[in-house]
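So you can see what is in the structure, the chains are spelled out below.
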Amino acid sequence: MDYIRYLRSMVGKKPVIMVTAGAFIFDGHGRVLLHLRTDNGTWAHPGGFMELGESAEETARREVFEETGLTAGPLELFGIYSGPEKEHTMANGDQVFCVDVLYTCKKFSGTLKKVNEESLDAGFFALDALPKPLFADQQEEFSDLLSSAKPPFSR
């Protein structure tokens, strides 16, 4: 049983703090990797919920691999996001307060898998030509990515 199911078996749908981690993966042309999510049909950077015993970096690496088939190389902290805008009620009614840890990565290996259990499509996109719609829960992260401000960000 994974950690989320274990936790939910005890607290039901009540609010819980959950940590997520992910990465903006860049190719040699400065394009960012996004995938089209199967759960809501929006484009997002790879990322997801931390499991027990994982570090934030391990979570980001696992999620990148699960959602794209790529193995992330060195990770650099991009930002940590929290606050009232990270409170959500999931489609199944579970209430969460997320703390999102986001990295950047410029080196990776493997072959991009465009379609899998979590992705309907995936690809690298120029920052001035990002696909729509972008995942609403990641709007702040995308705003920071497109800004002239320098990471790491903390909100």
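Residues numbered from 1 in each chain as written. Predicted model: local features only at pLDDT ≥ 70, side-chain atom pairs only at ≥ 80, totals over all residues. Heavy atoms only, no water.

### Focus: the overall build of the protein
Link 1 in the chain: Of the regular secondary structure elements, the protein holds 3 helices and 11 strands.
Link 2 in the chain: Mapped from its N terminus to its C terminus, the protein presents α and β elements in the order α-β-β-β-β-α-β-β-β-β-β-β-α-β.
Link 3 in the chain: Against the 2.2 N^0.38 benchmark of 15 Å for 155 residues, the protein shows a C-alpha radius of gyration of 15 Å, consistent with a compact globule.
Link 4 in the chain: Projected onto its principal axes, the C-alpha positions of the protein cover 45 × 30 × 30 Å.
Link 5 in the chain: Partitioning the contacts of the protein with sequence separation of at least 6, the portion at a separation of at least 24 is 68%.
Link 6 in the chain: Summed over all atoms, the accessible surface of the protein reaches about 8,300 Å², with 57% contributed by carbon and sulfur.
Link 7 in the chain: The positive charge centre, built from 16 side chains, and the negative charge centre, built from 23, are 2 Å apart in the protein. (Helix = DSSP H or I, 4+ residues; strand = E, 2+ residues; numbered from the N terminus. Rg over C-alpha atoms; globule rule 2.2 N^0.38 Å. Contact = heavy atoms within 4.5 Å. Areas by Shrake-Rupley, 256 points an atom, 1.4 Å probe, with all protein chains shown as cover. Lys, Arg positive; Asp, Glu negative; His and termini not counted. Charge placed at Lys NZ, Arg CZ, Asp CG, Glu CD.)

### Some details on the pairing of strand E8 (residues 95–105)
Link 1 in the chain: Where burial is concerned, most of E8 is hidden: 8 out of the 11 residues are buried.
Link 2 in the chain: As paired elements, strand E6 (residues 75–81) and E8 share 6 bridges and run antiparallel to each other. Its bridge partner lying in E8, Gly79 is registered against Leu102. (Buried < 20%, exposed > 50% of the residue type's maximum accessible area, 1.4 Å probe, protein only. Pairing = 2+ DSSP bridges.)

### Brief notes about the environment of Asp128
Link 1 in the chain: Position of Asp128 among the secondary structure elements: in the loop between strand E10 (119–125) and helix H3 (139–146).
Link 2 in the chain: Sequence spacing of Asp128 and Arg37 is 91 residues, and the spatial spacing of their C-alpha atoms is 21 Å.

### Digging into the sheet that holds strand E3 (residues 43–44)
Link 1 in the chain: Pairing in this open sheet of 3 strands is antiparallel, and the strands run E3-E2-E10 from one edge to the other. Of all the strands in the sheet, the pair left with one neighbour each is E3 and E10.
Link 2 in the chain: Relative to E10, strand E2 (residues 32–37) is paired through 6 bridges, and the arrangement is antiparallel. Counterpart to His35 in the pairing with E10 is Ala122.

### Quick word on the environment of Thr68
Link 1 in the chain: Assignment of secondary structure puts Thr68 in helix H2 (residues 56–68).
Link 2 in the chain: In contact with Thr68, other than residues within four places in its own chain, are Leu33, Pro46, Thr111, Leu112, Lys113 and Asn116.

### What to know about the side chain of Asp94
Link 1 in the chain: Mapped onto the fold, Asp94 is located in the loop between strand E7 (87–89) and E8.
Link 2 in the chain: Within the structure, the side chain of Asp94 is placed 3.3 Å from the side chain of Arg8, a separation counted as a polar contact.
Link 3 in the chain: Look past the residues within four positions of Asp94 in its chain and what remains in contact with it is Arg8, Gly12, Lys13, His88 and Thr89. (Polar contact = N/O pair within 3.5 Å; in protein donor to acceptor, adjacent residues only side chain to side chain.)

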